[in-house]
Amino acid sequence: MIVFDLCCGAGDHRFEAWFASSESFADQQARGLIACPVCGDDDVRKAVMAPRVGAKSNRQASAAPAPVSAETPNAPVPEAIRAALAAIASKQAEMLPRSRWVGRDFAAAARAMHEGRAPEDMIHGQTSPEEAQALHDDGIAAIPLLVPFVPPDAVN
């Protein structure tokens, strides 16, 4: 397995992803199967990253940092974080089938519903950070999906 730092073309959001190999990343990227977890953009590329270089075999490894204990103030509790992420993923998986995929026309579709030119409907799709900000500035409710998913038109 190999981990890459990635970034999207729409908003230059940085995130990590694991792949079986460099070839696996290239294949998934070519097929548009990798999407930004922040904005959903599938124009994803490798970001500049520092390589992980192991210690020399003739050197003793430095001591690992002390683990964060449950008593540390403001320390996140891993179980609580996992439970919260699982609840978010579950709710999103429940809502997506009831929502209509509009692809890159998300901002236009949301604006048309807000202005009464289209019937109200639950939609999901992709938009740029600038378009999302314009929707927000105009009082149009839209939020990013918190759990990445593969757009329907990118599934085999």
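Look up: the structure comes first, before these words.
Description of the structure in this document. (Residues numbered from 1 in each chain as written. Predicted model: local features only at pLDDT ≥ 70, side-chain atom pairs only at ≥ 80, totals over all residues. Heavy atoms only, no water.)

**Topic: the nonpolar core**
- The biggest cluster of nonpolar side chains holds eleven residues, and these are Phe4, Leu6, Cys8, Phe15, Ala17, Phe19, Phe25, Ile34, Cys36, Cys39 and Val44.
- Of all the secondary structure elements, the ones that give two or more residues to this core are β1 (2-8) and β2 (14-19).
- Setting aside its immediate chain neighbours within four residues, Phe19 contacts Met1, Ile2, Phe4, Leu6, Ser24, Phe25, Gln28 and Ile34.
- Ranked by size, the runner-up nonpolar core spans nine residues in total, among them Val102, Phe106, Ala107 and Ala109. (Core = buried A, V, L, I, M, F, W, Y, C linked by side-chain atoms within 4.5 Å. Buried < 20%, exposed > 50% of the residue type's maximum accessible area, 1.4 Å probe, protein only. Helix = DSSP H or I, 4+ residues; strand = E, 2+ residues; numbered from the N terminus. Contact = heavy atoms within 4.5 Å.)

**Examining a nonpolar patch on the surface**
- Taken together, Ile81, Leu85, Ile88 and Leu146 make up a surface patch of nonpolar side chains, about 360 Å² in accessible area.
- By secondary structure assignment, the location of Ile81 is in helix α2 (residues 78-95).
- Note on Ile81: relative accessible area 40%, which makes it partly exposed. (Patch = residues over 30% accessible without salt bridge, like charges linked within 9 Å, V, L, I, M, F, W, Y side chains within 5 Å. Areas by Shrake-Rupley, 256 points an atom, 1.4 Å probe, with all protein chains shown as cover. Salt bridge = Lys/Arg side-chain N within 4 Å of Asp/Glu carboxyl O.)

**Quick look at the pairing of strand β4 (residues 100-103)**
- Pairing of β4 with strand β5 (residues 123-125), which is carried by three bridges, proceeds in the parallel orientation. In the sheet register, Gly103 faces β5, and the bridge partner there is Gly125. (Pairing = 2+ DSSP bridges.)

**Quick notes on the packing of aromatic side chains**
- By the definition in use, this model includes three aromatic pairs.
- Consider the rings of Phe4 and Phe19, whose centres lie 5.9 Å apart with planes at 40°: the pair is tilted. Note that Phe4 is positioned in strand β1 and Phe19 in strand β2, a separation of 15 residues in sequence.
- The exposure class of Phe19 is buried, given its relative accessible area of 4%.
- Taken together, the ring pairs connect Phe4, Phe19 and Phe25 into an aromatic cluster.
- Above the face of the Phe4 ring, Lys46 is positioned so that its terminal group lies 4.2 Å from the ring centre. (Phe/Tyr/Trp six-rings, centres within 6.5 Å; stacked < 30°, edge-to-face > 60°. Lys NZ or Arg CZ within 6 Å of the ring centre and 35° of its normal.)

**So, the pattern of salt bridges**
- Per the counting criterion, the structure on display carries nine salt bridges.
- Asp138 is the partner of Arg111 in a salt bridge, and the nearest nitrogen-oxygen pair spans 2.7 Å. Pair noted here: Arg111 is in helix α3 (residues 106-114) and Asp138 is in the segment after α4 (129-137), with a separation of 27 residues, a long-range link.
- The exposure class assigned to Arg111 is partly exposed, which follows from its relative accessible area of 22%.
- Taken together, the shared-partner salt bridges connect Asp41, Asp42 and Arg104 into one network.

**Description of the sheet that holds β1**
- The three strands are arranged β2-β1-β3 in an open sheet whose pairing can be described as antiparallel. On the outer flanks of this sheet lie β2 and β3 (44-46), each paired with one strand and no other. Between one strand axis and the next, the sheet turns by 45° as a mean value, whatever way the strands run.
- Inspection of the sheet shows β1 paired to β2 by six bridges, in the antiparallel sense. Looking at the pairing, Cys7 lines up with Arg14 of β2. (Axes fitted to C-alpha atoms, helices over the stretch in contact; angles between N-to-C directions.)

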